[in-house]
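Structure assessment
Each chain, written out:
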Amino acid sequence: MALVLKFLNGTYIFRKCPKPNVASCPFLGTHFVDYCSSSLQKPVAAPGKTSSQRNSEGDLQGHHQREAALDITSPEEKPLVSFDKAIKDEIKDQFRRLKDDIVNHWIGPEGRPLHEVLLEQAKVVWQFRGKEDLDKWMVTSDKTIGGRSEVFLKMGRNNQSALLYGTLSSEAPKDGESGRSGYCAMISRIPRGPFERKRAYDWSQFNTLYLRVRGDGRPWMVNIREDTDIVQRKNQMYSYFMFTRGGPYWQEVKIPFSKFFYSNQGRIRDAQYQLLLDKISSIGFTLADKVDGPFFLEIDFIGVFTDPAHTEEFAYENSPELNPRLFK
Amino acid sequence: MKPPILIIIMATIMTGTMIVMLSSHWLLIWIGFEMNMLAIIPILMKKYNPRAMEASTKYFLTQATASMLLMMGVTINLLYSGQWVVSKISNPIASIMMTTALTMKLGLSPFHFWVPEVTQGITLMSGMILLTWQKIAPMSILYQISPSINTNLLMLMALTSVLVGGWGGLNQTQLRKIMAYSSIAHMGWMAAIITYNPTMMVLNLTLYILMTLSTFMLFMLNSSTTTLSLSHMWNKFPLITSMILILMLSLGGLPPLSGFIPKWMIIQELTKNNMIIIPTLMAITALLNLYFYLRLTYSTALTMFPSTNNMKMKWQFEYTKKATLLPPLIITSTMLLPLTPMLSVLD
């Protein structure tokens, strides 16, 4: 099914239109036409005005419009649509990935020699240096449930960081069932191998998450999901807080993995379990602080490292009164 | 888990396996398998976390499917032979179904996908029971029905298991997954010889259980679950580190250690049955296994990995964990090769 979606992606757009976010990412490829056509119909901001508006927060929207304007293709550069070529490219890509997988499997874990992997004490997992780095992430907001929050992700200045920005709105959707709303999130895509096979990160030799970010003073939640094959575990995740300072200086956030607490279906559970680091599927940043208005978060890189001073394995205790079955 | 409950569960596991091994009635064998499977689920979930629950679920689904297939094979055999007694299976469909079911329980290729996932999700103790005790019951049934097994099917499964076990374990850093792939490869060797000389299979199973028990007990002594934690063992237990060296080489089948005996005997039996290519392929593929055992040994025992503590030698402190039966297990896992001439009594 994932392969079919990739083919539809490849055939229709052929990498000329911007990738849609999760909020407007339906199942069928034909809907991508609507997205492209709607972006084509948005008013284009005059280039002279954007430089004067750059410093105010309101031009984040205008910046997005300028961004959309820049992505509109001129009449001479029509997107190349070729079904056969896209299928051939996709098949070649999958077999190339399979070949790389086999060769990397021979060399060692993650394609590097074992001694290199064992001696490693710090690793940059995600960094933002180009558009292809943004493709590894997806953004979502309460627009999927009918809310009014907006979130966008783009490259920062000089292509040295990623800028996650938008507007949070805690106005609940008027659908008769939602009482609360107001969240925006940026989630990493699950790493895929050949033929869209799910992969996982192995961070078992590291003990701390390291983030270099620059925020606007808002509190964020860092969520980590484990790789799983059963559907009941899809809603389980491990979270911790990330408080941003809001200043002009970069902030280095170090969160030990022992501090992450377990939650299921959005609720923190009485029974707490340790985050196991050998099968990490994705990481995400969520903003849901119930404060309406614009926000931004600039991320330089996300890495993991071993802090030898941190020996704690798990920060939380389980109580026999709350969870007697854990103590049987 | 409270001691009385643990005793009852362990007794049920053992009773289930004993029922399977001692029965000659197919229904009772199936009952034994079910008892064994249901009793081991709480053992797998002993450390109550979401990963252990997922591992238990996967184990339950696989084993239940295999039991259903086995029951189907038994029913077809009953239809054609009219009896429940374990004897020669005349119907080929029943034979293939039973073989498939038993190989699924053992984790032979192409039904091996659950073994690394389940082993990785459970504790070292539960993994040890899963990879040793749980192999006895299906192997005993394969032993009993060995004259009726489709040789080509089992040989194909054996060859692919040895390949998968060698290739899959190559770049693993998690010790439990390494042992899981080692189990798959060893099961492949056992499956290859079972139709020609079932006694060799029993010898291989015995030595494999001894070596795996010793290895797991050494891992439990250090509470190591990753290659990195094992590589820091030189700083804490230098004697145990050297034992790991010998055990890994024995698991890899290097002479003059015990692990060489089954490989030697199996290759000899297969060549006696006019098979040259298959034992050659198996011997070559066993080099993959040896490669990752050696890599583990290199990082653990042959090099002094940089450790994070400030002490040069932490071994000055006594270790408090008890290693019951570890010395005799290590001796039997490594020093039995000179007793090989005694195997002539098995002929």
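Now for a quick tour of the structure. (Residues numbered from 1 in each chain as written. Chains lettered and ligands numbered in written order. Predicted model: local features only at pLDDT ≥ 70, side-chain atom pairs only at ≥ 80, totals over all residues. Heavy atoms only, no water.)

Another point: the overall build of chain A. Helices and strands together make up the secondary structure of chain A, namely seven helices and 13 strands. Looking at chain A alone, contacts between residues at least 24 apart form 73% of all its contacts between residues at least 6 apart. Total accessible area on chain A stands at roughly 18500 Å², and carbon and sulfur atoms take up 54% of it. (Helix = DSSP H or I, 4+ residues; strand = E, 2+ residues; numbered from the N terminus. Contact = heavy atoms within 4.5 Å. Areas by Shrake-Rupley, 256 points an atom, 1.4 Å probe, with all protein chains shown as cover.)

Take the interface of chain B and chain A next. Contacts between the two partners involve 24 residues from chain B, matched on the other side by 29 residues from chain A. Between A:Asp278 and B:Arg51 there is a salt bridge whose closest N-O contact spans 3.0 Å. Between the two partners, chain B and chain A, sit twelve residue pairs in polar contact (both at pLDDT 80 or more). Sorting the residues of the side of chain B that touches chain A by element identifies α3 (50–81), α5 (114–121), α7 (151–168), α10 (227–231) and α13 (277–302) of chain B as the ones contributing at least two each. Residues that form the side of chain B that touches chain A fall into these classes: nine nonpolar, nine polar and six charged. (Salt bridge = Lys/Arg side-chain N within 4 Å of Asp/Glu carboxyl O. Polar contact = N/O pair within 3.5 Å; in protein donor to acceptor, adjacent residues only side chain to side chain. Nonpolar A, V, L, I, M, F, W, Y, C, P; charged D, E, K, R; others polar.)

Our next topic: the nonpolar core. Residues and elements named next belong to chain B. In terms of nonpolar packing, the biggest core is built from 100 residues, with Trp26, Phe33, Tyr59, Met139, Ile145, Met187 and Phe219 touching the most fellow members. Looking at which element gives the most residues to this core, the answer is helix α9 (residues 198–222), with 14 residues. Beyond its immediate chain neighbours, meaning those up to four positions away, Phe219 contacts Leu124, Leu175, Met179, Ser224, Leu230, Ile244 and Met248. (Core = buried A, V, L, I, M, F, W, Y, C linked by side-chain atoms within 4.5 Å. Buried < 20%, exposed > 50% of the residue type's maximum accessible area, 1.4 Å probe, protein only.)

Looking now at the packing of aromatic side chains. Counted by the stated rule, this structure contains 27 aromatic pairs over all chains. Seen in terms of ring centroids, A:Trp137 and A:Phe285 are 6.1 Å apart; in terms of plane orientation they differ by 25 degrees. Their pairing is stacked. Highlighted residues: A:Trp137 in strand β2 (residues 137–141) and A:Phe285 in strand β12 (residues 280–287), separated in sequence by 148 residues. Per residue, the accessibility class of A:Trp137 equals that of A:Phe285, and both read buried. One Lys or Arg, B:Lys263, reaches over the ring of B:Trp189 and ends 5.2 Å from the middle of that ring. (Phe/Tyr/Trp six-rings, centres within 6.5 Å; stacked < 30°, edge-to-face > 60°. Lys NZ or Arg CZ within 6 Å of the ring centre and 35° of its normal.)

Turning to α7(B), a few remarks are in order. For an α-helix, the turn length of 3.6 residues means that residues three or four places apart are oriented alike. Spanning 18 residues, α7(B) covers 25 Å between terminal C-alpha atoms, matching the ideal 26 Å at 1.5 Å per step. All of the buried residues along α7(B) are B:Leu154, B:Met155, B:Met157, B:Ala158, B:Leu159, B:Ser161, B:Val162, B:Gly165, B:Gly166 and B:Gly168. Looking at the buried residues of α7(B), the elements they touch are α5 (83–107) of chain A together with α4 (92–106), α8 (175–193), α12 (260–272) and α13 of chain B. (Expected span 1.5 Å × (residues − 1).)

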